[in-house]
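# Descriptive structure summary
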Amino acid sequence: MAAAWADRLEWVADADKDAYMKKQVPIISMKKICKSFPLEIGGQQQVLFDNTFDVMPGEFVAIMGPSGSGKSTCMNIIGALDVASSGVYELYGKDITTLLPDELARVRNEYIGFVFQNFNLLPKRNILDNVMLPLMYRGLPMDERVKRAREMLKLVELEKFETYLPTQLSGGMKQRVAIARALAGDPKIILADEPTGALDSKMGNEILKFFKKLNSELKITIVMITHEFEIAQYANRVIHIYDGHITYDGPVPKNESVLVKSEQKAHKK
Ligand SMILES: Nc1ncnc2c1ncn2[C@@H]1O[C@H](COP(=O)(O)OP(=O)(O)O)[C@@H](O)[C@H]1O
Ligand SMILES: [Mg+2]
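Scoring rules and cut-offs
Residues numbered from 1 in each chain as written. Chains lettered and ligands numbered in written order. Predicted model: local features only at pLDDT ≥ 70, side-chain atom pairs only at ≥ 80, totals over all residues. Helix = DSSP H or I, 4+ residues; strand = E, 2+ residues; numbered from the N terminus. Buried ≥ 20, exposed ≤ 12 C-beta atoms within 10 Å, placed from the backbone. Contact = placed C-beta atoms within 7 Å. Expected span 1.5 Å × (residues − 1). Near = placed C-beta within 6 Å. Nonpolar A, V, L, I, M, F, W, Y, C, P; charged D, E, K, R; others polar. Pairing = 2+ DSSP bridges. Core = buried A, V, L, I, M, F, W, Y, C linked by C-beta atoms within 7 Å.

## Let's talk about the overall build of the chain
Counting secondary structure elements, the chain contains eleven helices and ten strands. Per-residue burial over the chain gives 38% buried out of 269 residues. Considering only intrachain contacts with a sequence separation of at least 6, the fraction spanning at least 24 residues in the chain is 67%.

If you want it as C-alpha cells, here you go:
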C-alpha cells in the first residue's frame, strides 16, 4: 500500500519543487464540474452545473454568491472533501478523482489548508496542540512539530497564548489559530469558507488583511468563499456563482451591480 501511494503521488513531489509556480500551470483546474445530491423522496437535486475555471499559483480568488448557490459544495470538491458527479478536477495538473480515499486524505493533509467559518478547533486542547494537529500525520519528531507550530503561532501573533484553550480567546483570535493550523502543514493552497462569517466587522477585517498578507508575502494561493461583496474586495478575482452556475469570472468589479446583472443574464438562458 505504501509503495502504491509513493508511485501515484510522485507528481506531488514535483509540486514541492515549485515547478508549478514557475511553469504557471493551474493549481486548480475545474472542467465542467457538476454535482448532484440524491433526494430522500427520490431523484436528484443538481447543485453545480458545468463549473469550469482555473486558479493559477499565487492568485487570491473569492467565490461569491448568495446563500444556497453552491459555494460550499464547490469548495468541498476543490478541497477533495467531496467528489464531483461529473467533470474533471485537476489539482497540480493531475486528475485527483482517480485517487483512493486514503490518498485523497493525504493530498488534503499535505497540500491544502482549510479555514472554516466556525474555526473547527478542538475545544479541550490548547492552541499549540490545535496548530500541531495537521503535523501528527507527517511522522515528524515531536520537537519539530512543536517548533513548527510555535513559528505559525508567531506568524499570527499569538505566540504568548500557546497554553490557552480556544474557549478563552476572542473569535478573531480563534480564527487566527485556525489560520496557523492551516499553515502548519506548509500548504500550497488555503481554502477558506466564509472565514469572517462568525466575526464582527473589526475582527473580520483583521483576518482579511491577514489573508492579503499571506497571499502577497508568502505567495500562498487563496480561494475564499463569501456571500458579501465587501469581503470579496480583498481578493484579486471574483468567481460569482448563482444557482450553481458561474455567471461572472474576472477582476473584482467596482460595483456589485455587475455581479447582479450577471445573475439576470443567467436567468434568461
Ligand atoms: N450533502 C448534501 N446533501 C444534500 N444537499 C446538499 C448537500 N450539501 C449541499 N446541499 C444543497 O446544495 C445547495 C447548495 O448548498 P451550499 O453549497 O452549501 O451553498 P452555499 O455554500 O452557497 O450556501 C443547497 O440547496 C443545499 O441544500
Ligand atoms: Mg456555504
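Now that the structure has been shown, we can carry on.
## A few points about helix α9 (residues 201-217)
An α-helical turn contains 3.6 residues, so any two residues separated by three or four positions project in the same direction. Its 17 residues give α9 an end-to-end C-alpha distance of 24 Å, which sits within 8% of 24 Å, the value for a rise of 1.5 Å per residue. On its buried face, α9 sits against β3 (60-64), α8 (171-184), β7 (189-193), β8 (221-226) and α10 (229-232). Two residues or fewer past α9, K219 is found with a positive phi of approximately 60°.

## Re the site of ligand 1
In the vicinity of ligand 1, the contacting residues are F37, V47, G65, S67, G68, S69, G70, K71, S72 and T73. The element that contributes the greatest number of residues to the shell around ligand 1 is helix α4 (residues 71-78), accounting for three residues. Taken together, the residues that form the shell around ligand 1 break down as two nonpolar, seven polar and one charged.

## What about the sheet that holds strand β2 (residues 44-55)?
If you trace the four strands from one edge of the open sheet to the other, you get β2-β1-β4-β5, paired in antiparallel fashion. Each edge of the sheet is formed by a strand with only one pairing partner; in this case those strands are β2 and β5 (94-95). Judged from the five bridges that link them, strand β1 (residues 28-38) and strand β4 (residues 86-91) form a sheet pairing that is antiparallel. Within β4, the residue paired with M30 across the bridge is Y89.

## Digging into the pairing of strand β6 (residues 112-116)
In terms of burial, β6 is largely enclosed, as four of its five residues are buried. Where β6 meets β7, five bridges bridge the pair, whose relative direction is parallel. Bridging across to β7, V115 finds its partner in A192.

## Structural notes on the nonpolar core
The biggest cluster of nonpolar side chains holds 67 residues, and the ones touching the most others in it are I63, V131, L153, A180, I190, I222 and V223. At eight residues, α8 tops the list of elements feeding residues into this core.

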